[in-house]
Amino acid sequence: MESPNFKDPHIFISGVPYPVRFGYLSFSIFNEAGYVLQDTRTATVLLRLYHAGILAGCRRNKVPAISWEDFETCLDDDDNAGVFDAIKEIYESESVPKK
């Protein structure tokens with residue numbers, strides 16, 4: 001599968017590439033949805049944070065984003081088994097302070 005030319009890291013969901021970006025834009029999207037980072041102990045809030053990262057990445061790269069409903073249900077599909085871990089890895093790498 002050809003790698004897309006995004007300026008941000010990406011994941012594949014059901015064979016479709018989505019850029020992921022965690023920064024001010026993703027946290028703004030996350031907060032606008034009514035969530036705060038201190039609430040990430042629950043699975044739904046963590047998934048909302050990860051979806052916000054996809055929304056921010058897609059906005060920055062000017063490509064269509066996956067809807068919340070499709071993202072939420074895709075995680076149960078066998079071909080998307082590694083999506084959660086891939087987003088978590090991007091989140092953790094982008095959360096490291098830049099020097």
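Residues numbered from 1 in each chain as written. Predicted model: local features only at pLDDT ≥ 70, side-chain atom pairs only at ≥ 80, totals over all residues. Heavy atoms only, no water.

Draft legend 1. Up close: the pattern of salt bridges. Inspection of every chain in the model, using the stated rule, returns three salt bridges. A salt bridge links D8 to R60, with the shortest nitrogen-to-oxygen separation between them at 2.9 Å. With D8 in the segment before strand 1 (10-13) and R60 in helix 2 (residues 43-61), the pair connects residues that are 52 residues apart, well separated along the chain. Classification of R60 as partly exposed rests on a relative accessible area of 30%. (Salt bridge = Lys/Arg side-chain N within 4 Å of Asp/Glu carboxyl O. Helix = DSSP H or I, 4+ residues; strand = E, 2+ residues; numbered from the N terminus. Buried < 20%, exposed > 50% of the residue type's maximum accessible area, 1.4 Å probe, protein only.)

Draft legend 2. Structural detail: the nonpolar core. I11, I13, F22, Y50, I54, F71 and I87 are the most contacted members of the largest nonpolar core, which has 25 residues in total. No other element matches the nine residues that helix 2 contributes to this core. Residues within four places of I13 in sequence aside, it is in contact with Y18, I54, I66, F71, C74, N80 and V83. (Core = buried A, V, L, I, M, F, W, Y, C linked by side-chain atoms within 4.5 Å. Contact = heavy atoms within 4.5 Å.)

Draft legend 3. Here's a closer look at the packing of helix 1 (residues 24-32) against helix 2. The contact between helix 1 and helix 2 brings their axes to 8 Å, and the two run at 130°. As summarised for this structure, helix 1 and helix 2 are arranged oblique, according to the angle between their axes. For the element pair helix 1 and helix 2, the recorded crossing hand is right-handed. Each of L25, S26, F27, I29 and F30 in helix 1 lies in contact with helix 2, whose residues at this interface are V45, R48, L49, A52, G53, L55, A56, R59 and R60. (Axes fitted to C-alpha atoms, helices over the stretch in contact; angles between N-to-C directions. Parallel < 35°, antiparallel > 145°, perpendicular 65-115°, else oblique. Left-handed = near helix turned anticlockwise from the far one by under 90°.)

Draft legend 4. Broad picture of helix 4 (residues 83-94). Taking 1.5 Å per residue, twelve residues should reach 16 Å; helix 4 reaches 17 Å between its end C-alpha atoms and fits that length. When we look at burial in helix 4, the residues that qualify are V83, I87, I90, Y91 and E94. Mapping the buried residues of helix 4 onto a view down its axis gives an arc of 100°, with all of them on the same face. In helix 4, the exposed residues that point more than 90 degrees away from the buried face are D85 and E89. At its buried positions, helix 4 is contacted by strand 1, helix 1, helix 2 and helix 3 (68-74). (Expected span 1.5 Å × (residues − 1). Arc of directions from axis to C-beta.)

Draft legend 5. A look at the environment of Y18. As for its position among the elements, Y18 is in strand 2 (residues 16-19). Given the relative accessible area of 10%, Y18 is considered buried. In sequence terms Y18 and A65 are 47 residues apart; their C-alpha atoms lie 7.0 Å from each other. Once residues lying within four places of it in the same chain are set aside, the contact partners of Y18 are F6, P9, H10, I11, I13, I54, C58, P64, A65 and I66.

Draft legend 6. A look at the environment of S67. Of note, S67 is situated in the loop between helix 2 and helix 3. With relative accessibility at 29%, the residue S67 sits in the partly exposed group. Considering only alpha carbons, one finds S67 and K7, 60 residues apart in sequence, at a separation of 21 Å. Side-chain polar atoms of S67 contact the backbone nitrogen of D70, separated by 3.1 Å. (Polar contact = N/O pair within 3.5 Å; in protein donor to acceptor, adjacent residues only side chain to side chain.)

Purely geometric stuff here, so don't read any function into it on its own.
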